[in-house]
Amino acid sequence: AAKNSKTVSGTDNSSKFDACMVVTSKAMSCVTEGNLEEEFVELSVKCKSVIACRMQPNQKAAIVRMIRNSKRVTCLGIGDGANDEPMIREADIGVGIFGVEGTAAVRASDYAIAQFSFLRRLLFVHGSLSYRRITDLISYIFYKNALLSLTVMWFGFASGFSGQPLQLEWAVQLYNVAFTSVPILVYALLDRQLRLTSLEEYTHLYRTRLGGELFNYRRFSLWIVDAFTQSILITFIPWFAYSNLTGAGDDDPQSYGHWSMGLVIYTAVIFSTNLRIALVFRSWTIIHQFVIWGSIIVFFIAIAILSASTVFAAAGGDYTGLFVRLLGTSRFWLTLMITVVLALLMDVFFTILQQWISPSWFDIYREKDYIQRKHRKIGPTPEVELLGSKKNRLWVDGIPSAQPTPLKRRQPSMVVRPPVLARSQTGYGYSGTGGNAQLHWNVAQSKTHLA
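Numbers given to residues run from 1 along each chain, matching the order in which its sequence is written. Side-chain atom pairs in this predicted model are given and counted only at pLDDT of 80 or more, local residue features only at pLDDT of at least 70, and totals for whole chains, interfaces and linings cover all residues. The side-chain quantities take in all heavy atoms of the structure and omit both hydrogens and water.

In the nomenclature of an unreviewed UniProt entry, the chain corresponds to P-type ATPase from the organism Hirondellea gigas. As its UniProt record puts it under Subcellular location (unreviewed entry), the chain is described as follows: "Membrane". UniProt positions are given in the numbering used here, feature names are shortened, and annotations may be inferred rather than shown by experiment.

Now the structure itself:
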């Protein structure tokens, strides 16, 4: 085995033997005792599959440890018996199967399933959804807290870092508890980028999630840069709008200038954080709408309560009567609208630009699902051919071809059966006219094409 592995080690890593390797317990003992772990791993990854036959529990765990340490990959261990427990514990992700051999494997696992066939749905559906949800959850939590903290930092430069608070402490404490917590919670529980049946059908989409695509230094930095730029706009637009005022409005004799500006800044932060998560949503339901606008309504109710009495002034700021005066001024609403629109304009622009110029495979198949749902209302679903130049591979009906296929120029039009949905144009390089049974290929307009 060591000799054969050295022979193939110089070949391309993508090449594989059209064979299966069977390893017995005695052969595995020779590998560990002869320090042939590296050669064993190199030979194993060249084969299409490796079967470990009559292995000891510690040998199963040793194989997982070899692969994980040598290739720096995430390993999944799955088993249904007590002899699989060390392997499940050694793997990064352990899956236990309820079987006739007891529940030892289930107790040692991270996830438990009733049948081995359920592993497909666990990975391709729940795994894909959970990965996207939790990565955006982490990034968004850092984003919304950075946004609030940076506004206070910019105010510190103006106040000489004297310790003067910008907002009422009661309102700040409710920021993560009541004003911005529910939308991201609903996103982490309910949001779906594709239908569950589509995730299970288009299994090759799972590969696009590997390698830390959604959680890396670049993506996390973009969230922080987003909070940085938005905090500048949210702080200084109200600052200049209220710099010459001592009250809530132009004709207000009350000396509320500082707290008026701070409350406008805080209101803009609440609107921006709740509307920013709306750009991440991919499945819009009445629940998604309710939690976004409901969080904003809760904010208005809470601030109205905090400004209704002097009791809350002990927290460091006096909002008594301020909020009602602000709501009655046009300056407040105009400043709030300009601040929020400018703060989110860059996010909206780059989101549209990314989906138009370089859509992900999930964006493409979401559009495909949308077309198919519309076709079900007017007739049978047409055959769909997806040409992806981004991967230099032809995908037909969601199944990738065995070998990479070079792009070929299409005919000006192709007939699709039966009638098609009337669509003028989308960002994925296809167009159609109402009443015609043709989809026109536009190769020059986009790299990725849908029919």
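### Some details on the environment of L174
Numbering of helices and strands starts at the N terminus; helices are DSSP runs of H or I of at least 4 residues and strands are runs of E of at least 2. Along the polypeptide, L174 turns up in the loop between α8 (169-173) and α9 (175-179). Residue classification places L174 among the partly exposed residues on the basis of a relative accessible area of 27%. Note: C-alpha distance between L174 and F299 (125 residues apart in sequence) is 8.8 Å. Once you skip the residues sitting within four places of it in the chain, L174 turns out to touch F179 and A302. Type-normalised accessible area, obtained with a 1.4 Å probe on protein chains alone, sets the label of each residue: buried when under 20%, exposed when over 50%, and partly exposed for intermediate values. Every residue pair with non-hydrogen atoms within 4.5 Å of one another is taken to be in contact.

### Some thoughts on helix α7 (residues 119-158)
Over its 40 residues, α7 runs 57 Å from end to end, which matches the ideal 58 Å to within 8%, given 1.5 Å per residue. For α7, the principal kink sits at G127 and spans about 35°. Count one or two residues on from α7 and you reach G160, which has phi positive near 70°. A helix is expected to reach a length of 1.5 Å times the quantity of its residues less one. Consider a residue and the seven residues that end there alongside the seven that start there; fitting an axis to each set, the bend is the angle between those axes.

### Focus: the sheet that holds strand β3 (residues 76-79)
The pairing criterion is simple: DSSP has to find at least two bridges between the two strands. Sheet architecture is open: three strands sit in the order β3-β4-β5, paired in parallel fashion. At either end of the open sheet lies a strand with only one pairing partner, and these are β3 and β5 (111-113). Across this sheet, the average inter-strand angle for adjacent strands is 20°, counted without regard to direction. Two strands pair when backbone bridges link them, and β3 and strand β4 (residues 93-97) are joined in this way by four bridges, in the parallel orientation. Bridging from a neighbouring strand, G77 pairs with G94 of β4. Interaxial angles span 0 to 180 degrees and are taken between N-to-C directions of axes, which are lines fitted to C-alpha atoms, for helices over the stretch in contact. Across the sheet, α7 lies against β3, β4 and β5, angled at about 135° from β5, the strand it touches most.

### What to know about the UniProt feature "transmembrane region" (unreviewed entry) in the chain
Per the UniProt record, "transmembrane region" (unreviewed entry) is found at residues 137-158, 170-190, 220-241, 261-279, 291-312 and 332-353. Split by type, residues 220-241 is 100% helix and 0% strand. Its first and last C-alpha atoms lie 32 Å apart. Secondary structure across residues 291-312 divides into 73% helix and 0% strand, with the first and last C-alpha atoms of the span separated by 27 Å.

### Comments concerning the confidence of the model for the chain
Per-residue confidence from the predictor is given as pLDDT, running between 0 and 100. The predicted model of the chain has a mean per-residue pLDDT of 77, with 75% of residues at 70 or higher. Low confidence marks residues 1-14, where pLDDT is under 50. Its contacts with residues over four positions away, or in another chain, come to 11 contacts. The low-confidence segment residues 379-451, where pLDDT is below 50, has 148 contacts with residues more than four positions distant or belonging to other chains.

### Here we look at the pattern of salt bridges
By definition, a salt bridge exists where a carboxyl oxygen of Asp or Glu is found within 4 Å of a side-chain nitrogen of Lys or Arg. Evaluated as defined, the whole model comprises 12 salt bridges. Between K60 and D84 there is a salt bridge, with the nearest N and O atoms lying 2.8 Å from each other. Taken together, the positions of K60 in helix α4 (residues 57-71) and D84 in the loop between β3 and α5 (85-90) put the pair 24 residues apart, joining distant regions of the chain. In terms of burial, K60 and D84 fall into one category: buried. In this structure, D363 engages R366 in a salt bridge whose closest nitrogen and oxygen atoms are separated by 3.0 Å.

### Here's the deal with the pairing of β3
Here β3 shows a buried face lined by G77 and G79 and an unburied face lined by L76 and I78. A crossover connection joins β3 to the parallel β4 through α5; in handedness this β-α-β unit is right-handed. Looking down the strands as they point away from you, a crossover is right-handed if its path from the first strand over the helix to the second goes clockwise.

### Side note on the packing of aromatic side chains
Note on aromatic pairs: the rings of Phe, Tyr and Trp (six-membered ring only in Trp) are paired at centre separations within 6.5 Å, and the planes decide the class, stacked below 30 degrees, edge-to-face beyond 60, tilted for the rest. The final tally for this structure, using the stated rule, is 23 aromatic pairs. When the centroid spacing of 6.4 Å and the interplanar angle of 65° are considered together, the rings of F155 and W239 count as edge-to-face. Residue F155 is located in helix α7, and its partner W239 is located in helix α12 (residues 217-241); the two are separated by 84 residues in the primary sequence. A relative accessible area of 7% places F155 in the buried class. You can call W239 partly exposed: its relative accessible area is 27%. Seen from their ring centres, F157 and F161 are 5.0 Å apart, and the 70° between their planes marks the pair as edge-to-face. Exposure class is identical for F157 and F161. Each is exposed. Members of the aromatic cluster, connected to one another through ring pairs, are Y175, F179, Y266, F271, F299, F300, F323, F332 and W333.

### Topic: unusual backbone geometry
The phi torsion of most residues other than glycine is negative, and most of the peptide bonds are trans. Positive phi values are uncommon outside glycine, yet N35 reaches one of about 55°. Here N35 lies in the loop between α2 (25-33) and α3 (37-46). Assessed through its relative accessible area of 60%, N35 is described here as exposed. The phi dihedral of F161 is positive, around 50°, even though this residue is not glycine. Inspection of the secondary structure assignment puts F161 in the loop between α7 and α8.

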